[in-house]
Amino acid sequence: NRYISQLGSVFKYARRLRLVPRSFVSPTLNIERLPEPVYPDRYLRPEDVERLLKVCKVVDTKWKKMSALIVLAHHTGLRRGSLMSLRWSDIDFHQRTATVLRTKNGQPMVAALSHRAVMELKKLPGKYPDEYIFAGRTGRPFEFRSLWLRLIDEAGLKGRNFHQLRHGCGFMLASNGVNQATVMQIMGHR
């Protein structure tokens, strides 16, 4: 399935560059794709996130922002880079939104914040408009990789990565009956 998708992308790109005529139809268009099994380890379930948050209280004693970062990632589906680029001026507590000025695909995006995400953000210190929300001591976005590795190890979720929080958001939305087009829009897919 992946090879078919990638080959289809190559033909689409060739058509955009006009290497093939506009009337060209990709030979991958009518190839039937195999059913793909659901891999539960591709996302973090709500119970996994709750376990991480409990461990966070014990493990994150210095930075003290990891639980807010985890809740935001899991509830909004924002990518790591988008979360780390958030400044306090990007948060609207009244509208309960976070505005990402530039996402991975180059487009701005407004993410809805859950009540829990708002409460986690309000617990954080700072809140100067130009200050990064998830900054370290230097004022630059904090590099939390080692903290994450320690956290997942302590929570018994070894081998999981931060991006799986984003997948968990998509899974939660789909499980609650949100259609695929809306899930894609919420998560910033093109």
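Residues numbered from 1 in each chain as written. Predicted model: local features only at pLDDT ≥ 70, side-chain atom pairs only at ≥ 80, totals over all residues. Heavy atoms only, no water.

### Re the nonpolar core
If you look at the biggest cluster of nonpolar residues, it comprises 41 residues, and the most contacted ones within it are Met-66, Ile-70 and Trp-148. Going through the elements one at a time, helix H2 (46–59), helix H3 (66–76), helix H4 (80–84), strand E2 (97–100), strand E3 (109–112), helix H5 (115–123) and helix H6 (145–154) are the ones with two or more residues in this core. Among the elements that take part in this core, H3 stands out by supplying seven residues, more than any other. (Core = buried A, V, L, I, M, F, W, Y, C linked by side-chain atoms within 4.5 Å. Buried < 20%, exposed > 50% of the residue type's maximum accessible area, 1.4 Å probe, protein only. Helix = DSSP H or I, 4+ residues; strand = E, 2+ residues; numbered from the N terminus.)

### Some words on the environment of Ala-174
When you line up the elements, Ala-174 lands in helix H7 (residues 163–175). Along the chain, Ala-174 and Arg-102 lie 72 residues apart, while their C-alpha atoms are 25 Å from each other.

### Describing the packing of H3 against H5
Put simply, H3 and H5 touch, their axes get as near as 9 Å, and they point 155° apart. Relative to H5, H3 is oriented roughly antiparallel. Taken as a pair, H3 and H5 cross one another with a handedness that is left-handed. Contacts between H3 and H5 involve Ser-67, Ala-68, Val-71, Leu-72 and His-75 from the former and Arg-116, Ala-117, Glu-120 and Leu-121 from the latter. (Axes fitted to C-alpha atoms, helices over the stretch in contact; angles between N-to-C directions. Parallel < 35°, antiparallel > 145°, perpendicular 65-115°, else oblique. Left-handed = near helix turned anticlockwise from the far one by under 90°. Contact = heavy atoms within 4.5 Å.)

### Regarding the pattern of salt bridges
Evaluation of the coordinates by the stated rule reveals seven salt bridges. Residues Arg-116 and Glu-50 are paired through a salt bridge, measuring 2.6 Å at the closest nitrogen-oxygen approach. Here Arg-116, found in helix H5, pairs with Glu-50, found in helix H2; they are 66 residues apart in sequence, far enough to count as distant. Overall, Arg-116 belongs to the partly exposed group, its relative accessible area being 32%. Across the salt bridge formed by Glu-143 and Arg-80, the nearest N and O atoms sit 3.1 Å from each other. Highlighted residues: Glu-143 in the loop between H5 and H6 and Arg-80 in helix H4, separated in sequence by 63 residues. Judged by its relative accessible area of 35%, Arg-80 falls in the partly exposed class. Salt bridges sharing partners connect three or more residues here, namely Arg-45, Asp-48, Arg-51 and Arg-160. (Salt bridge = Lys/Arg side-chain N within 4 Å of Asp/Glu carboxyl O.)

### Things to note about a nonpolar patch on the surface
A surface patch of nonpolar side chains, amounting to about 340 Å² of accessible area, comprises Tyr-13, Leu-17 and Leu-19. With respect to the secondary-structure elements, Leu-19 resides in the loop between helix H1 (2–16) and H2. (Patch = residues over 30% accessible without salt bridge, like charges linked within 9 Å, V, L, I, M, F, W, Y side chains within 5 Å. Areas by Shrake-Rupley, 256 points an atom, 1.4 Å probe, with all protein chains shown as cover.)

### Some details on the sheet that holds strand E1 (residues 91–92)
Within a sheet, each strand pairs with its neighbour through backbone hydrogen bonds, oriented either parallel or antiparallel. If you walk across this open sheet you meet the three strands as E1-E2-E3, and the pairing is antiparallel. Unpaired on one side and paired on the other, E1 and E3 mark the two borders of the sheet. Pairing geometry for E2 and E3, over four bridges, is antiparallel. What sits directly across from Thr-97, in E3, is Ala-112. (Pairing = 2+ DSSP bridges.)

### Structural notes on the packing of aromatic side chains
Each aromatic ring pair is summarised here by two numbers: the centre-to-centre distance and the angle between the ring planes. Counting across every chain of the model gives seven aromatic pairs. Considering the side-chain rings of Tyr-43 and Phe-171, the 4.2 Å spacing of their centres and the 15° angle between planes classify their relative orientation as stacked. On the criterion of sequence distance, the pair formed by Tyr-43 in the loop between H1 and H2 and Phe-171 in helix H7 is long-range, its members being 128 residues apart. Its end group placed over the ring of Tyr-132, Arg-87 keeps NZ or CZ at 3.9 Å from the ring centre. Lying over the aromatic face of Trp-88, Lys-127 brings its terminal NZ or CZ to 5.1 Å of the ring centre. (Phe/Tyr/Trp six-rings, centres within 6.5 Å; stacked < 30°, edge-to-face > 60°. Lys NZ or Arg CZ within 6 Å of the ring centre and 35° of its normal.)

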